[in-house]
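Analysis of the macromolecular model
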Amino acid sequence: MRSMSQAAPFVFPGISTRVVFGSGTLANVGEELARLGHAHALLLSTPHQSDEATRLAQTLGPVAAGVFAEATMHTPVAVTDKAVSVFQASGATAVIALGGGSTIGLGKAIATRTGADQICVPTSYAGSEMTDILGETEGGVKTTRRDASIRPETVIYDVDLTLGLPLPMTMTSALNAIAHAAEALYAADRNPVVVAMAERAFPVFRDALPRLASAPRDADARAETLYAAWLCSTALGYVAMGLHHKLCHTIGGAANTPHADTHAIMLPHTIGFNAAAVPDLLAPIDAAFGASPGKALFRLAADIGAPTRLADLGVRETQLDAVADLAVRNPYDNPRPFDRAAIRAILQDAWAGNEPGI
Ligand code: NAD
């Protein structure tokens, strides 16, 4: 299925996660936990956000069974094993993940092993909270899987927690979110609800991100950006991703590049590549930004001060051949067929920071 008229067949799986969105909604955590039927929860965060998690634990009182503040990028199994022991010893029956994708990943890893319910309080735009996807690392190898037991029960978006997200991460994290919406537009298993949500995200980001670039604590622009990130996370959570996500995964694994920066840099090139095959499906990007998809996303990244060259992440030109070899090892669905030469050309453009032709 490559195009979808209004009468085209589809499956809509429903959206099962409860969402609470607003300012000051962190105050709802206790109520949401009780709603799920839990009396004790373990709080999770990275070391960097342990103060926020500890403050939340103090507010919750005896409901908080402890704080585990060791969430780590790429969800290492060794950290999860330790967290599961702490979870089991604490008497908790649920986890509350306060943070970005790394913390939410730890919550998912605990939940899928123990049956714990999850409340996510996302503080970045990466978008793990609405998905049934978990990536874990062991012995230097990252494996990703989808399973119903991974999907969080409740997500509480509190705009106030995003006001202080550093500007560089704000922009790369938002581009990471845009990548979910862009690939949802042409996903083979897309449906009208997810496509409508994805389409809406582009104009919201277009209007909000430049305002954040000049006023990072603008509460309205923060709220709009978080709202768009929810739209994108939902898109990621209910349809399959293509070339862009797979290639970013390969680059991150091979060159150890930061997750959000890698997405930000690759996005114009992968979407530009696919735009040649499915311009109609990617037309919402043209409509929002007034340029063809690859060019539009490249200019957006440059305008909001995001990185545009793999070279700036420390990737050496000599590494690109090995990445291209790895990227074509396992086949997956993508609207435009590709071979190693096509991937190598995409990588070269992204490495050098060339503006895509389309
Ligand atoms: P992250 O969670 O690693 O956060 C990076 C740093 O920023 C951490 O130190 C964190 O504590 C800090 N931080 C987060 N929010 C902050 C805030 N508001 N203010 C100040 N500091 C803040 O990074 P990320 O980009 O959010 O997540 C990336 C990870 O999430 C990757 O491992 C990626 O694979 C995963 N991910 C998974 C899914 C999925 O569906 N499974 C989706 C998207 C991302």
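No experiment lies behind these values; they were computed from the predicted model shown. (Residues numbered from 1 in each chain as written. Predicted model: local features only at pLDDT ≥ 70, side-chain atom pairs only at ≥ 80, totals over all residues. Heavy atoms only, no water.)

Along the chain, the regular secondary structure elements total 13 helices and 8 strands. Taking 21 Å as the expected radius of gyration for a compact globule of 358 residues, we find that the chain reaches 20 Å, a close match to that expectation. With the C-alpha coordinates aligned to their principal axes, the bounding extent of the chain is approximately 60 × 45 × 40 Å. Here the chain holds 358 residues, and the buried ones make up 54% of them. Long-range pairs, those at least 24 residues apart, make up 75% of the contacts in the chain between residues at least 6 apart in sequence. With an accessible surface of roughly 14,100 Å², the chain has 54% of that area assigned to carbon and sulfur atoms. Across the chain, the mean location of the 26 positive side-chain charges is 3 Å away from that of the 34 negative side-chain charges. (Helix = DSSP H or I, 4+ residues; strand = E, 2+ residues; numbered from the N terminus. Rg over C-alpha atoms; globule rule 2.2 N^0.38 Å. Buried < 20%, exposed > 50% of the residue type's maximum accessible area, 1.4 Å probe, protein only. Contact = heavy atoms within 4.5 Å. Areas by Shrake-Rupley, 256 points an atom, 1.4 Å probe, with all protein chains shown as cover. Lys, Arg positive; Asp, Glu negative; His and termini not counted. Charge placed at Lys NZ, Arg CZ, Asp CG, Glu CD.)

Moving on, we get to the packing of helix 8 (residues 243-255) against helix 13 (residues 340-352). For the pair helix 8 and helix 13, interaxial distance at closest approach is 13 Å and the crossing angle is 70°. For the element pair helix 8 / helix 13, the angle class is roughly perpendicular. In contact with L243, L247 and I251 of helix 8, helix 13 contributes I343, I346 and L347. Among the residues making up the contact of helix 8 with helix 13, the classes are represented as 6 nonpolar, no polar and no charged. (Axes fitted to C-alpha atoms, helices over the stretch in contact; angles between N-to-C directions. Parallel < 35°, antiparallel > 145°, perpendicular 65-115°, else oblique. Nonpolar A, V, L, I, M, F, W, Y, C, P; charged D, E, K, R; others polar.)

Glancing now at the site of the ligand. Looking at the ligand, there are 23 residues lining it, with T46, S102, T123, S124 and T131 nearest. At 2.6 Å from an oxygen atom of the ligand is found a side-chain nitrogen or oxygen belonging to T46. Q49 is positioned such that a nitrogen or oxygen atom in its side chain is 2.8 Å from an oxygen atom of the ligand. Here the shell around the ligand takes 3 residues from helix 4 (residues 101-114), the largest share from any one element. For the shell around the ligand, the per-class residue count stands at 8 nonpolar, 13 polar and 2 charged. (Near = heavy atom within 4 Å. Polar contact = N/O pair within 3.5 Å; in protein donor to acceptor, adjacent residues only side chain to side chain.)

Attention now moves to the nonpolar core. Counting residues in each nonpolar core, the largest one holds 72 residues, and the members touching the most others are L175, I178, F205 and I285. In terms of residues, this core owes the most to one element, helix 6 (residues 192-214), which gives 11 residues. If we skip the residues at most four places from it in the chain, I285 touches A182, L185, F202, I271, G290, A291, P293, A296 and L297. (Core = buried A, V, L, I, M, F, W, Y, C linked by side-chain atoms within 4.5 Å.)

An order of 1-8-5-4-2-3 is seen for the 6 strands of this open sheet, with the pairing classed as parallel. Where the open sheet ends on each side, the last strands, each with one partner, are strand 1 (18-22) and strand 3 (64-68). Neighbour-to-neighbour, the strand axes of the sheet open up by a mean angle of 15°, direction not taken into account. Relative to strand 8 (residues 154-158), strand 5 (residues 117-122) runs parallel, the two sharing 2 bridges. Residue pairing for strand 8: C120 is matched across the bridge by V155. Of the strands in this sheet, strand 2 (41-44), strand 3 and strand 4 (94-99) touch helix 3 (residues 77-90), which is tilted by about 160° from strand 3. (Pairing = 2+ DSSP bridges.)

Glancing now at unusual backbone geometry. In the Ramachandran plot, H74 falls in the positive-phi region, its phi being about 75° despite a non-glycine side chain. Of note, H74 is situated in the loop between strand 3 and helix 3. Its relative accessible area of 28% is what places H74 among the partly exposed residues. Although it is not a glycine, T75 adopts a positive phi angle of roughly 45°. Note on placement: T75 falls in the loop between strand 3 and helix 3.

Both faces of strand 2 are covered, namely the face carrying A41 and L43 and the face carrying L42 and L44. Here 4 bridges tie strand 2 to strand 3, and the two strands are oriented parallel to one another. Looking at strand 3, one finds that L44 is bridged to F68. In this view, the connection linking strand 2 to its parallel neighbour strand 3 by way of helix 2 (residues 50-60) has right-handed handedness. Bridging between strand 2 and strand 4 involves 4 bridges; their strand directions are parallel. Bridging from a neighbouring strand, L42 pairs with V95 of strand 4. (Right-handed = clockwise from strand over helix to strand, strands pointing away.)

This paragraph deals with helix 7 (residues 219-238). Compared with an ideal rise of 1.5 Å per residue, which puts 20 residues at 28 Å, helix 7 spans 29 Å between its outermost C-alpha atoms and is within 8% of the ideal. A large share of helix 7 lies buried, amounting to 14 of its 20 residues. A distance of 3.0 Å separates the backbone nitrogen of D220 from a side-chain oxygen at the start of helix 7, and that oxygen is part of D218. (Expected span 1.5 Å × (residues − 1).)

Scanning the entire structure with this criterion turns up 4 aromatic pairs. Plain terms: the ring middles of F21 and Y157 are 5.8 Å apart, the flat faces sit at 45° to each other, and that makes the pair tilted. Here F21 is found in strand 1, whereas its partner Y157 is found in strand 8, with 136 residues between them in sequence. Owing to a relative accessible area of 35%, F21 belongs among the partly exposed residues under this scheme. Ring geometry for F21 versus Y227: centroids 6.4 Å apart, planes at 85°, classification edge-to-face. Pair noted here: F21 is in strand 1 and Y227 is in helix 7, with a separation of 206 residues, a long-range link. (Phe/Tyr/Trp six-rings, centres within 6.5 Å; stacked < 30°, edge-to-face > 60°.)

So, about the side chain of S233. Tracing the sequence through the fold places S233 in helix 7. Only 3.2 Å separates the side chain of S233 from the backbone nitrogen of M130, close enough to count as a polar contact.

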